[in-house]
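# Commentary on secondary and tertiary structure
Spelled out from the first residue to the last, the chains are:
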Amino acid sequence: MIETGIKGYQEIEVTKEDTAKAYKSGTLDVLATPRMIALVEEAAWKSLTGYLDPGMGTVGIKLEVKHLAPTPVGMRVWCETVLSEVDGKRLVFDAAVFDEAGKIGEGAHERFLVEEERFQRKADQKREPGAADGTPGK
């Protein structure tokens with residue numbers, strides 16, 4: 001059963017592949033905001049491992065994140081999440097991101113419970129002829 005209070009944790013060491021320059025979100029060799037956001041999402045979804053029924057998963061639906069400080073290549077970065085709200089299938093996580101010098105990010109992340117096969121099937125149907133204009137595929 002999914003209840004508030006579930007905690008998540010993920011950690012990385014910043015490499016050149018994690019930088020704003022590599023993500024094309026800037027020109028500097030510092031942790032890219034998109035990479036920090038991916039760390040938040042990973043900490044949140046992985047925190048639910050063991051709480052979900054087989055075939056169930058979660059998808060991200062909303063992020064409100066502030067990137068507060070830069071982190072250079074070589075520093076350790078970690079994200080801590082806490083499930084703060086459960087509203088039916090909607091799950092809200094509070095997130096805090098740190099490097100070895102202090103807090104570098106904070107915010108909230110919402111995820112939605114889905115039946116994975118059904119969700120994937122619905123997404124795959126978009127490739128069928130006519131899907132783009134709303135007409136049924138052939």
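Placed above this text is the structure.
## Here we look at the overall build of the protein
Helix and strand counts for the protein come out as 3 helices and 5 strands. With the C-alpha coordinates aligned to their principal axes, the bounding extent of the protein is approximately 55 × 35 × 20 Å. Looking at the 138 residues of the protein, the share that counts as buried comes to 30%. Contacts in the protein between residues far apart in sequence, at least 24 positions, make up 62% of those at least 6 positions apart. Counting only carbon and sulfur atoms, one obtains 52% of the accessible surface of the protein, whose full area is about 8,500 Å².

## Concerning the pattern of salt bridges
According to the stated counting rule, one finds 12 salt bridges in the structure shown. For the salt bridge of Lys16 with Asp29, the shortest nitrogen-to-oxygen distance reads 3.3 Å. Residue Lys16 is located in the loop between β1 (7-13) and α1 (20-23), and its partner Asp29 is located in the loop between α1 and α2 (33-47); the two are separated by 13 residues in the primary sequence. The residue Glu110 makes a salt bridge to Arg90 at a minimum N-O spacing of 3.4 Å. Of this pair, Glu110 sits in strand β5 (residues 102-115) while Arg90 sits in strand β4 (residues 90-99), and the two are 20 residues apart along the sequence.

## Looking at the packing of aromatic side chains
Tallied over the full model, the rule gives 1 aromatic pair. Where Trp78 meets Phe98, the ring centres are 5.9 Å apart and the plane angle is 25°; that geometry is what we call stacked. Of this pair, Trp78 sits in strand β3 (residues 76-87) while Phe98 sits in strand β4, and the two are 20 residues apart along the sequence.

## A closer look at the sheet that holds β3
Neighbouring strands of a sheet are bound in pairs by backbone hydrogen bonds; such pairs are parallel or else antiparallel. The sheet built from 5 strands is open, its strands ordered β1-β3-β4-β5-β2 with antiparallel pairing. In this open sheet, the two edge strands, each paired with only one partner strand, are β1 and β2 (56-67). In this sheet, neighbouring strand axes are inclined to one another by 25° on average, regardless of whether the strands run parallel or antiparallel. Looking at chain direction, β1 and β3 are connected through 7 bridges and run antiparallel. Directly across from Gly8, in β3, lies its bridge partner Thr81. Each of β1, β2, β3, β4 and β5 is contacted by α2, which is oriented at about 140° to β1, the strand it contacts most. On the sheet, helix α3 (residues 116-124) packs against β2 and β5 and is oriented at approximately 90° with respect to β5.

What counts, and at which threshold
- Residues numbered from 1 in each chain as written.
- Predicted model: local features only at pLDDT ≥ 70, side-chain atom pairs only at ≥ 80, totals over all residues.
- Heavy atoms only, no water.
- Helix = DSSP H or I, 4+ residues; strand = E, 2+ residues; numbered from the N terminus.
- Buried < 20%, exposed > 50% of the residue type's maximum accessible area, 1.4 Å probe, protein only.
- Contact = heavy atoms within 4.5 Å.
- Areas by Shrake-Rupley, 256 points an atom, 1.4 Å probe, with all protein chains shown as cover.
- Salt bridge = Lys/Arg side-chain N within 4 Å of Asp/Glu carboxyl O.
- Phe/Tyr/Trp six-rings, centres within 6.5 Å; stacked < 30°, edge-to-face > 60°.
- Pairing = 2+ DSSP bridges.
- Axes fitted to C-alpha atoms, helices over the stretch in contact; angles between N-to-C directions.

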